[in-house]
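Residues per chain are reported as follows:
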Amino acid sequence: MRTVWIAALLAAVLAGCAATPEEQEGAGVEDRKPGARPPTGAQSQPITQPPVASVDLTGKAGGRSILTDPSSILSKRSIYFDFDRYDVRDEFKPLVEAHARYLRDNKQAKMLVQGNTDERGSREYNLALGQKRSEAVKRMLLLLGAREDQVEAVSLGEEKPKSEGHNEEAWAQNRRGDILYQGEY
Amino acid sequence: MRLLFAALLLLAAASTATAQLSIEVTGAGAQRLPIAIAPFAGEGALSTGIAAIVRADLERSGLFRGIEVPALNPPLTDSSNVNFTEWRSRLADALVLGSVATRPDGRFEVRFRLYDVVKQTALGGVAYTLTKTQVRATAHRISDYVYEKLTGEKGVFSTRIAYVVKRGTRFELQIADADGAGEETALASFEPIISPAWSPDGKRLAYVSFENKKPVVYVHSLLDGKRHVAANFKGSNSAPAWSPDGSRLAVALSRDGGSQLFIVNADGSGLRRLTNSAGIDTEPVFSPDGQTIYFTSDRGGSPQIYRMPAGGGDAQRVTFEGSYNVSPRISRDGKNLAYIARNGGKFQVALLDLASRQALTLTDSDKDESPSFAPNGRMILLATVIGGRGVLSAVSSDGRVKQRLSIAAGDVREPAWGPFIQ
């Protein structure tokens, strides 16, 4: 939240700077050589328009960072797990490695890992299982160079299913760890 | 900012236009005592008839069968002379007669007397003073009196239950009478609420709310709606269980990694770690004497129920059959353990006799969760899924009597049966 404000302020300041040369040009009209001026009576008024600084928060201009660009592996945020398991499968290791690299290169970046489970069994046990899943992702991130204070692992258990179905396909979608960067949660 | 946001999420609990739970009894005890409950003289002055509520209460227990009583003119009262021969001919073993009078101050007085028809004696009676909004509560008190006199164990008709209803994206923590009537919303939120647990005095609920986008344990005073955080550490905070004296909570926290058991004072102070395992430890519950904590752990490779001293220490495994036994609950006498067992892909309520080590599967449903003993140990309340919808169900601890509590709209889950009213 705070980062967005700072970005907006910066954008406004930059837009103001960009407008300055135009104002100087306007001032230049006043400073023009007398001979070059049209020989009519009344002093002409320069037409000036105050500049409008554009701040775009819709994510298209400044927002499409490397974290959300679909062509970047960093836009992939979900790690799927097997039934009643909390070890990260090999196929998701490149994804976790890429995020670890990002955290290593961006010391100020922070992330939340949310663990999820399918609907079967005890809600509390599933909450604990989701926690083991998010912590498995966190542990791998730390091993690959992320700092402890950059990653928080929490669990949503079976409470926030991505797929509302009651079959294996839906359950597989819900056995998941999600990565969210600060500002996204 | 965050506070304001949380406040916005918690909607005012004002709507009362919600459909109440209705209860269907789908089984009954082998021997049901036939009882006649005559309409109370003058009960037409009340919003609801007392006799009908008492009869429904007693029948729902599975231990009684109500006998039809024809309209009597003049109506019998608690001071009428009882013609035992006539009631015997109607096959009644017991009889309740009562009356309602309006007091000068506008309140009502309800009196009743209970008779043993077989022995031809009066077993006692009580008089209650009530306002017009206390009719159901009064009827439940009468049911409790009759139940205790005739069975020797305390009735639970005056107790309350807590549960969570999900309607679309809205979650409501509700409190209702044990018969599902008179529901009130204690908390409404757009984020999940799970694991409500009654304080031993029945005045507070501990539960887990996700209103801050992660599980946090709260303690909520039902009388004034005041709530405070009992555990909000880094990671997940969940599975609150009250100590029998109501001073402390056992909780599952992931602040040190994994899911481990801790004990904390109900006000959130004095945190102390209880378990130290590499795996998952969760769902703690105190034995009634406060000496032991039962909990779920996967330390042996699959989730099973263990027990350990309440102050921490070596744990012993309690369940051995099957590869998934979770959600332990102990009966008030400390003799029985109810839990959820996975049997061939079905999640069902099981009961373990802790002395004989005999386990019994009580239900034939397949998605049972959150068992909860009635305070007299006779019934176990649970959540299950029927027709794709979450419903509450209750089963007697011998498996014979089954009740289904359904609600018109929405999924019902996470039931917890409250303590005896003091």
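Residues numbered from 1 in each chain as written. Chains lettered and ligands numbered in written order. Predicted model: local features only at pLDDT ≥ 70, side-chain atom pairs only at ≥ 80, totals over all residues.

## Overview of the overall build of chain B
For step 1, the next point in the chain: Scanning chain B from terminus to terminus reveals four helices and 30 strands.
For step 2, the next point in the chain: For 422 residues, the compact-globule estimate of 2.2 N^0.38 gives 22 Å, and the C-alpha radius of gyration of chain B, at 23 Å, lies within 12% of that figure.
For step 3, the next point in the chain: For chain B, the spread of C-alpha atoms along the three principal axes comes to 70 × 55 × 40 Å.
For step 4, the next point in the chain: The burial tally for chain B puts 49% of its 422 residues in the buried class.
For step 5, the next point in the chain: Across chain B, contacts joining residues at least 24 apart in sequence account for 46% of those joining residues at least 6 apart. (Helix = DSSP H or I, 4+ residues; strand = E, 2+ residues; numbered from the N terminus. Rg over C-alpha atoms; globule rule 2.2 N^0.38 Å. Buried ≥ 20, exposed ≤ 12 C-beta atoms within 10 Å, placed from the backbone. Contact = placed C-beta atoms within 7 Å.)

## Digging into the sheet that holds strand S7 (residues 160-167) of chain B
Residues and elements named next belong to chain B.
For step 1, the next point in the chain: The strand order S9-S8-S7-S30 describes an open sheet built from four strands, whose pairing is antiparallel. The strands lining the two open edges of the sheet, one partner per strand, are strand S9 (184-189) and strand S30 (411-417). Mean inter-strand twist for the sheet, computed between neighbouring axes without regard to direction, equals 20°.
For step 2, the next point in the chain: Judged from the eight bridges that link them, S7 and strand S8 (residues 170-177) form a sheet pairing that is antiparallel. Bridging across to S8, Arg160 finds its partner in Asp177. (Pairing = 2+ DSSP bridges. Axes fitted to C-alpha atoms, helices over the stretch in contact; angles between N-to-C directions.)

## Focus: the sheet that holds strand S24 (residues 346-353) of chain B
Residues and elements named next belong to chain B.
For step 1, the next point in the chain: What the four strands build is an open sheet, ordered S22-S23-S24-S25; its pairing is antiparallel. The sheet is open, and its two borders are formed by strand S22 (325-330) and strand S25 (359-361), each paired with just one other strand. Here the strands of the sheet are splayed against their neighbours by 25° on average, with no regard to which way each runs.
For step 2, the next point in the chain: For S22 and strand S23 (residues 336-343), the ladder comprises four bridges, and the chain directions are antiparallel.

## Considering the packing of helix H2 (residues 50-60) of chain B against helix H4 (residues 135-151) of chain B
Residue and element names in this part refer to chain B.
For step 1, the next point in the chain: Two elements in contact, H2 and H4, have axes separated by 9 Å at closest approach and are oriented at 50°. With respect to their mutual orientation, H2 and H4 come out oblique. By crossing handedness, the relation of H2 to H4 is classed as right-handed. Across the interface between the two elements, Ile50, Ile53, Val54, Asp57 and Leu58 of H2 pack against Val135, Arg136, Thr138, Ala139, His140, Ile142, Ser143, Val146 and Tyr147 of H4. (Parallel < 35°, antiparallel > 145°, perpendicular 65-115°, else oblique. Left-handed = near helix turned anticlockwise from the far one by under 90°.)

## Overview of the interface of chain B and chain A
For step 1, the next point in the chain: Counting residues at the interface gives 28 residues for chain B, matched by 17 residues for chain A.
For step 2, the next point in the chain: Elements with a contribution of two residues or more to the side of chain B that touches chain A: strand S10 (193-198), strand S14 (237-242), strand S18 (281-286) and S22 of chain B.
For step 3, the next point in the chain: Class assignment for the residues of the side of chain B that touches chain A results in twelve nonpolar, eleven polar and five charged. (Nonpolar A, V, L, I, M, F, W, Y, C, P; charged D, E, K, R; others polar.)

## A word on helix H2 (residues 93-105) of chain A
All names here are of chain A.
For step 1, the next point in the chain: Counted at 1.5 Å a residue, the expected span for H2 with its 13 residues is 18 Å, and the 18 Å between its end C-alpha atoms agrees.
For step 2, the next point in the chain: Taken residue by residue, H2 has Val96, His99, Ala100, Tyr102 and Leu103 as its buried positions. With its buried residues spanning 160° around the axis, H2 presents them on a single face. With respect to the buried face of H2, the exposed residues turned more than 90 degrees away are Pro94 and Asp105.
For step 3, the next point in the chain: Lining the buried residues of H2 we find strand S1 (78-80), strand S2 (111-116), helix H3 (123-143) and strand S4 (176-181). (Expected span 1.5 Å × (residues − 1). Arc of directions from axis to C-beta.)

## A few points about the domain arrangement of chain B
Residues and elements named next belong to chain B.
For step 1, the next point in the chain: Splitting chain B by domain gives domain 1 (2-17 + 159-417) and domain 2 (31-151).
For step 2, the next point in the chain: Taking the mean C-alpha position of each, domain 1 and domain 2 sit 36 Å from one another.
For step 3, the next point in the chain: Contact residues are listed per partner, giving eight residues for domain 1 and five residues for domain 2. (Domains from an automatic or database assignment.)

## Things to note about the nonpolar core
Looking at soluble globular proteins, one finds that nonpolar side chains tend to be buried together.
For step 1, the next point in the chain: In terms of nonpolar packing, the biggest core is built from 101 residues, with Ala206, Tyr207, Val251, Ile380 and Leu381 of chain B touching the most fellow members.
For step 2, the next point in the chain: Ranked by residue count, the leading element in this core is H3 of chain A, at seven residues.
For step 3, the next point in the chain: Sequence-distant contacts of Val251 of chain B, defined by excluding residues within four places in its chain, comprise Val217, Ala231, Asn237, Ser238, Ala239, Pro240, Phe262 and Val264 of chain B.
For step 4, the next point in the chain: Formed by 35 residues, the second largest nonpolar core is a distinct cluster that contains Val54, Leu58, Leu76 and Tyr115 of chain B. (Core = buried A, V, L, I, M, F, W, Y, C linked by C-beta atoms within 7 Å.)

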